[in-house]
Amino acid sequence: LEGAPSTVRAWMRTAGIVDVEKIMVASLRGKVSSIELTTPEGRTRFADLLRANDIGTVILDPLAPLLAVLGLDENSNGDIAKFFGWWNEALVSGGVENDLIAHHAGHGGGRSRGASRLLDEPDAIWTMQRDEQANLRVLRAMGRDVELGDSVITFDDGTGAMGLLDGNATEIAQERLVTLQENYIMGALLGKRAVSRAGLFRDAPGVVQDTETALNGLVSRGLVIHTATGAGDYYSEAPRG
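About the criteria used
Residues numbered from 1 in each chain as written. Predicted model: local features only at pLDDT ≥ 70, side-chain atom pairs only at ≥ 80, totals over all residues. Heavy atoms only, no water. Patch = residues over 30% accessible without salt bridge, like charges linked within 9 Å, V, L, I, M, F, W, Y side chains within 5 Å. Areas by Shrake-Rupley, 256 points an atom, 1.4 Å probe, with all protein chains shown as cover. Salt bridge = Lys/Arg side-chain N within 4 Å of Asp/Glu carboxyl O. Helix = DSSP H or I, 4+ residues; strand = E, 2+ residues; numbered from the N terminus. Buried < 20%, exposed > 50% of the residue type's maximum accessible area, 1.4 Å probe, protein only. Expected span 1.5 Å × (residues − 1). Arc of directions from axis to C-beta. Contact = heavy atoms within 4.5 Å. Pairing = 2+ DSSP bridges. Axes fitted to C-alpha atoms, helices over the stretch in contact; angles between N-to-C directions. Phe/Tyr/Trp six-rings, centres within 6.5 Å; stacked < 30°, edge-to-face > 60°. Parallel < 35°, antiparallel > 145°, perpendicular 65-115°, else oblique. Left-handed = near helix turned anticlockwise from the far one by under 90°. Nonpolar A, V, L, I, M, F, W, Y, C, P; charged D, E, K, R; others polar.

Enquirer: I tried to follow a nonpolar patch on the surface on my own but got confused; where do I start?
Expert: A contiguous nonpolar surface patch, about 300 Å² in accessible area, is contributed by Ile17, Val20, Ile23 and Val25. With respect to the helices and strands, the residue Val20 is situated in the loop between helix H1 (5-15) and helix H2 (40-52). For Val20, a relative accessible area of 48% translates into the label partly exposed.

Spelled out as structure tokens, the structure:
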């Protein structure tokens, strides 16, 4: 309901979809009102469209524009209950077995924007959240017979395919942050005789604790030399070779 038709086509080409006859794409940016669910007749037309095309799974992306054209408030539990009542009626009548609805998160990113009823209706809730510091995306899922702890999402630029890394997302994020800090420290020391501790920490990205961990690790591995003087602590790049 937001992407331009040309963008959707480009994404499908990138994904390398072969059985295109098994996918029906409706690019409805600027045409969202064509999904009329507020009347029995509108829900029947939508159901007939789904059944006629033998649709087994419906993906609605995203929810907010449809709520707006239906005159529903995403912050109202009553309006959200109405939407799901109409939506589920049309899907069941159309023979649809599964549906996935994308909805934006609030500014905190930890849960969906809007009424609490949005969290009550789904069989499972998948939450994708961006870790800005570590520059990674994390997926978690919970629901009926569904339980996925925080997992790091991988992305293939060539195909647009997404996957999940093995391991705990918190630990992976911490490792990535330390690597980011190590790269910063080695870059800051490159070509310099010595840099004061205050100088290193003043311009370091992220939090002081991560810089401390990275610096201690580099010193213990012999990649950075620590020199304590009466004027303070200084660090330099260890000789190579």
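Further notes follow.
Enquirer: It is not clear to me how helix H4 (residues 77-93) should be interpreted in this structure. Could you clarify?
Expert: In an α-helix, one turn spans 3.6 residues, which is why side chains three or four residues apart end up on the same side. Its 17 residues give H4 an end-to-end C-alpha distance of 24 Å, which sits within 8% of 24 Å, the value for a rise of 1.5 Å per residue. The set of residues buried in H4 consists of Asp79, Ile80, Phe83, Phe84, Trp86, Trp87, Ala90 and Leu91. Viewed along the axis of H4, the buried residues span an arc of 165 degrees, placing them on a single side of the element. Residues of H4 that are buried make contact with H2, strand E1 (57-60), helix H3 (64-69), strand E2 (98-101) and helix H5 (117-120). Positive phi appears at Gly95, one or two residues downstream of H4, with a value of about 80 degrees.

Enquirer: It is not clear to me how the environment of Ala52 should be interpreted in this structure. Could you clarify?
Expert: Mapping Ala52 onto the fold places it in helix H2. What makes Ala52 exposed here is its relative accessible area of 68%. Remark: the alpha-carbon pair of Ala52 and Gly95, spanning 43 residues in sequence, is separated by 9.7 Å.

Enquirer: Mind showing me how you'd approach the sheet that holds strand E8 (residues 224-229) here?
Expert: Working definition: the strands of a sheet are paired by backbone hydrogen bonds and lie parallel or antiparallel to each other. Taken in spatial order, the three strands of this open sheet run E7-E9-E8, and their pairing is antiparallel. Each edge of the open sheet is held by one strand with a lone partner, namely strand E7 (195-196) and E8. As defined by bridge partners, E7 adjoins strand E9 (residues 232-237) across two bridges and the pair is classed as antiparallel. Bridged to Val195 within E9 is Tyr235.

Enquirer: Sorry if this is basic, but what is going on with the pairing of E8 here?
Expert: The two faces of a sheet get side chains in turn, since along a regular strand they alternate between them. Pairing of E8 with E9, which is carried by six bridges, proceeds in the antiparallel orientation. Residue Thr229 lies in a different strand from E9, and its bridge partner there is Gly232. Between the antiparallel neighbours E8 and E9 lie two residues.

Enquirer: How should I be thinking about unusual backbone geometry in this particular structure?
Expert: Excluding glycine, most residues fall at negative phi; most peptide bonds, likewise, are trans. Following Asp61, the chain continues to Pro62 via a peptide bond in cis, the omega torsion being -10 degrees. Looking at the element boundaries, Pro62 is found in the loop between E1 and H3. Unlike most non-glycine residues, Asp54 shows phi in positive territory, near 55 degrees. Positionally, Asp54 belongs in the loop between H2 and E1. Positive phi values are uncommon outside glycine, yet Asp145 reaches one of about 60 degrees. Of note, Asp145 is situated in the loop between strand E4 (136-143) and strand E5 (146-155).

Enquirer: Sorry if this is basic, but what is going on with the sheet that holds strand E3 (residues 124-131) here?
Expert: In space, the four strands of this open sheet follow the order E3-E4-E5-E6, with antiparallel pairing throughout. With partners counted over all chains shown, the strands left at the sheet margins are E3 and strand E6 (162-164), one partner each. Neighbouring strand axes in the sheet, compared pairwise and without regard to direction, differ in orientation by 30 degrees on average. As paired elements, E4 and E5 share six bridges and run antiparallel to each other. Paired with Met142 across the bridge in E5 is Glu147.

Enquirer: I keep staring at the packing of aromatic side chains and nothing clicks. Help me out?
Expert: Here a ring pair, both rings aromatic, is described through the centre-centre distance and the interplanar angle of the planes. Enumeration over the complete set of coordinates arrives at three aromatic pairs. On the numbers, 5.2 Å between centres and 70 degrees between planes, the contact of Phe83 with Phe84 is edge-to-face. Here Phe84 falls in the buried class, since its relative accessible area comes to 9%. Summarising the aromatic geometry, the rings of Phe83 and Trp87 are spaced 5.7 Å apart at their centres and angled 20 degrees between planes, so their arrangement reads as stacked. With Phe83 and Trp87 both in helix H4 and four residues apart, this pair spans about one turn of that helix. Comparing Phe83 with Trp87 shows no difference in burial state: the two are buried.

Enquirer: Help me understand the packing of helix H6 (residues 169-189) against helix H8 (residues 208-220), please; the structure alone is not making it clear to me.
Expert: Pairs of packed helices are described in terms of their axes, by the angle between the two and the distance that separates them. Relative to each other, H6 and H8 sit at 65 degrees, their axes nearing to 8 Å. The angle between H6 and H8 falls in the class roughly perpendicular. Crossing geometry of H6 relative to H8 is assigned as right-handed. Seen from H6, the contacting residues are Gln174, Leu177, Val178, Gln181, Glu182, Ile185 and Met186; seen from H8, they are Asp210, Thr211, Thr213, Ala214, Leu215 and Leu218. Looking at the contact of H6 with H8, its residues break down into seven nonpolar, four polar and two charged.

So, to be careful, I would describe these as geometric facts and stop short of saying anything about function.
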